Amino acid sequence: MTVPEIRWEENQTPHSARWRSESGAAPPKRVVVADDTLTADMAYRQACEGVGLLWRGDFQNARQLLQAMTRRVDKRPRKPVDTLLDAFNQHRQIQSQRARILGMLLIPFDAGHGIPLRRAPDARRACEEAHGPAAEPYVASLRELLGLIGAFEWRKKGVEIPALNARIHPHYGVYSPLRGEYIDLVARTPMPRGSVAFDVGTGTGVLAAVIARRGGKRVIATDMDPRALACARENLERLGLSKQVEVVQADLFPEGRVSLIVCNPPWLPARPSSPVEHAVYDPDSRMLRGFLNGLTAHLTPNGEGWLILSDLAEHLGLRSREALLEMISQAGLRVIERIDTHPTHGRAQDPSDPLHAARSKEVTSLWRLGAA
């Protein structure tokens, strides 16, 4: 596997270093050295042109410069659109362009993740927990570094989960359970009889923990992402549930039949633009279809599959309710019950959000499914 490199000239001498990008962005083709003398207007102009700005000045000044560039990006006017689907596509395009432009402000790292800049924070633990050891110097975007530091703080602090009366600690790159309404659905829905359950696509392990606390004597939690597997194991150990819940690497289902299978797949059938978006976007509803089509082969008689899904995709025109019901029917399943709740997150009540017309109508549902 070829290690991506970033190249630049400094003091009339060619330089290169390893390039790191969690978003999967390619290194800028042109890189110039920048310092505290660079104005926000010039930085914004060069970033829009695809020029990487390798920072050699004060770290805190770089943060202020990034904030100034962000204000300039966010002032760009949006074109009028006719439909919510157009608004969604425009929003994704703008977010992609925003990430590309703001990702052009670059920070050097020494081996061991040290940052050789004045007033730089000690981010070595945060970087090592996200990337692992760094045996050689590298370059990464300041924006990504700040996101990584923020995620590290969330990991230390944790997210309060009332259904557990405890905190879940998300790792970097693992979807954080900040939207608690789907957890509450699992916490209050009557469970079918049986002592074993599967949690498909466990992420932080939060739903496996809820099921275990509700009386599931044995829960098998699956995921494909090594970060999610490590995160779930750590959370379940902290909650004292590691003997009750087994975490295994699997693409959807483990072997066997059980009375309850829970899945909270990505809610939007669209292509992710970076690896960290896989928790939100499910291309062609791959995970959703895989869960539905595999349910009957893994349920005991009278067992239930619990599908937790938002209808935001329906309001955006990405998938219709009829298409979802057809998927359920073709998988040899019937709907036993649908339990609905309304999101309480801030964007659902924010009229300035470009997708507010869809978010304000959003409903999150737990679909109780059984064999037809």
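What you see is a predicted model, and the numbers here were worked out from it, not measured in a lab. Note that residues are indexed from 1 along each chain, following the sequence as it is written. The predicted origin of the model limits local features to residues at a pLDDT of at least 70 and limits the giving and counting of side-chain atom pairs to 80 or more, whereas totals for whole chains, interfaces and linings rest on all residues. Neither water nor hydrogens contribute to the side-chain values; these are computed over all heavy atoms in the structure.

## Considering the pairing of strand E4 (residues 51–55)
Reasoning step 1: In terms of burial, E4 is largely enclosed, as five of its five residues are buried.
Reasoning step 2: Each residue is placed in one exposure class: buried if its accessible area under a 1.4 Å probe, protein chains only, is under 20% of its type's maximum, exposed if it is over 50%, and partly exposed if it falls in between. Only runs of H or I of at least four residues qualify as helices and only runs of E of at least two qualify as strands under DSSP, and these elements are numbered from the N terminus. Along E4, one buried face is formed by Val51, Leu53 and Trp55 and the opposite face, lined by Gly52 and Leu54, is buried too.
Reasoning step 3: A pair of strands is considered paired only if DSSP assigns at least 2 bridges between the two. Of the strand pairs in this sheet, strand E3 (residues 30–34) and E4 are connected by five bridges, and their pairing is parallel. Opposite Arg30, over in E4, you have Val51 as the bridge partner.
Reasoning step 4: With the strands pointing away from the viewer, any crossover whose connection runs clockwise from the first strand over the helix to the second is right-handed. Chirality of the crossover, the property in question, places the unit of E3, helix H1 (residues 40–48) and E4 among those that are right-handed.
Reasoning step 5: Inspection of the sheet shows E4 paired to strand E5 (residues 105–109) by two bridges, in the parallel sense.

## What to know about the environment of Trp55
Reasoning step 1: With respect to the element layout, Trp55 can be found in strand E4.
Reasoning step 2: The exposure class of Trp55 is buried, given its relative accessible area of 1%.
Reasoning step 3: Once the C-alpha coordinates of Trp55 and Pro121 are considered, the two residues, 66 residues apart in sequence, prove to be 15 Å apart.
Reasoning step 4: It only takes one pair of heavy atoms within 4.5 Å for two residues to be counted as in contact. If we skip the residues at most four places from it in the chain, Trp55 touches Ala34, Asp35, Asp36, Asn61, Ala62, Leu65, Leu105, Leu106, Ile107, Pro108 and Leu117.
Reasoning step 5: Polar contact is the term for a pair of N or O atoms within 3.5 Å; when the atoms are in protein, one must be able to donate a hydrogen and the other to accept it, and sequence-neighboring residues count only if both atoms are side-chain atoms. A polar atom in the side chain of Trp55 sits 2.9 Å from the backbone oxygen of Asp58.

## Thoughts on the pattern of salt bridges
Reasoning step 1: Any Lys or Arg side-chain nitrogen found within 4 Å of a carboxyl oxygen on Asp or Glu counts as a salt bridge. Throughout the structure, instances matching the rule amount to 23 salt bridges.
Reasoning step 2: Ionic pairing is found between Arg125 and Glu129, a salt bridge with its closest N-O pair at 3.6 Å. Of this pair, Arg125 and Glu129 are both found in helix H4 (residues 124–131), four residues apart, which corresponds to roughly one turn of the helix.
Reasoning step 3: With relative accessibility at 55%, the residue Arg125 sits in the exposed group.
Reasoning step 4: We note a salt bridge from Arg155 to Glu129, for which the minimum N-O separation is 2.8 Å. On the criterion of sequence distance, the pair formed by Arg155 in helix H5 (residues 142–157) and Glu129 in helix H4 is long-range, its members being 26 residues apart.
Reasoning step 5: You can call Glu129 partly exposed: its relative accessible area is 35%.
Reasoning step 6: Look at the salt bridges and you will find they share partners, linking Arg125, Glu129, Arg155, Glu234 and Arg238 into a network.

## Observations concerning the environment of Thr83
Reasoning step 1: Considering the arrangement of structural elements, one finds Thr83 in the loop between helix H2 (59–74) and helix H3 (84–102).
Reasoning step 2: Thr83 sits 140 residues away from Asp223 along the chain, and the two C-alpha atoms are 36 Å apart.
Reasoning step 3: At a separation of 3.0 Å, a polar atom in the side chain of Thr83 contacts the main-chain amide nitrogen of Asp86.

## What about the sheet that holds strand E2 (residues 13–19)?
Reasoning step 1: With mixed pairing, six strands are arranged side by side in an open sheet as E1-E2-E6-E5-E4-E3. Of all strands in the sheet, those bounded by a partner on one side alone are strand E1 (5–10) and E3. Taking each pair of neighbouring strands and ignoring which way they run, the sheet shows an average axis angle of 40°. Only the stretch in contact is used when fitting a helix axis, every axis being a line fitted to C-alpha atoms; angles between N-to-C directions are given from 0 to 180 degrees.

## What to know about the sheet that holds strand E11 (residues 245–249)
Reasoning step 1: The seven strands are arranged E11-E10-E9-E12-E13-E15-E14 in an open sheet whose pairing can be described as mixed. Strands at the two margins of the open sheet, each flanked by one partner only, are E11 and strand E14 (333–341). Averaged over all pairs of adjacent strands, the angle between strand axes in this sheet comes to 20°, irrespective of strand direction.
Reasoning step 2: In the packing of helix H8 (residues 226–238) onto the sheet, contacts are made with strand E10 (218–223) and E11, and the angle to E11 comes to roughly 170°.
Reasoning step 3: Strands in contact with helix H9 (residues 286–295) are strand E9 (196–200), strand E12 (258–263), strand E13 (299–310), E14 and strand E15 (364–371); relative to E13, the strand with the most contacts, it is inclined by about 165°.

## So, the packing of aromatic side chains
Reasoning step 1: Working definition: rings of Phe, Tyr and Trp (its six-membered ring) pair if their centres are within 6.5 Å, and the pair is stacked with planes under 30 degrees apart, edge-to-face with planes over 60 apart, and tilted otherwise. Taken as a whole and assessed by the stated rule, the structure comprises four aromatic pairs.
Reasoning step 2: Seen from their ring centres, Phe109 and Tyr138 are 4.5 Å apart, and the 5° between their planes marks the pair as stacked. Taken together, the positions of Phe109 in strand E5 and Tyr138 in strand E6 (residues 138–141) put the pair 29 residues apart, joining distant regions of the chain.
Reasoning step 3: On the accessibility criterion, Phe109 (3% relative accessible area) is buried.
Reasoning step 4: Here Tyr182 and Trp267 contribute two aromatic rings whose centre-to-centre distance is 6.4 Å and whose plane-to-plane angle is 90°, an arrangement assigned as edge-to-face. On the criterion of sequence distance, the pair formed by Tyr182 in helix H6 (residues 181–188) and Trp267 in the loop between E12 and H9 is long-range, its members being 85 residues apart. In terms of burial, Tyr182 and Trp267 fall into one category: buried.
Reasoning step 5: If you follow Lys157 out to its NZ or CZ, it ends over the ring of Trp154, 5.3 Å from the centre. Both a distance and an angle decide whether a charge sits over a ring: NZ of Lys or CZ of Arg must be within 6 Å of the ring centre and within 35 degrees of the ring normal.

Spatial relationships are all this shows, so hold off on functional conclusions.
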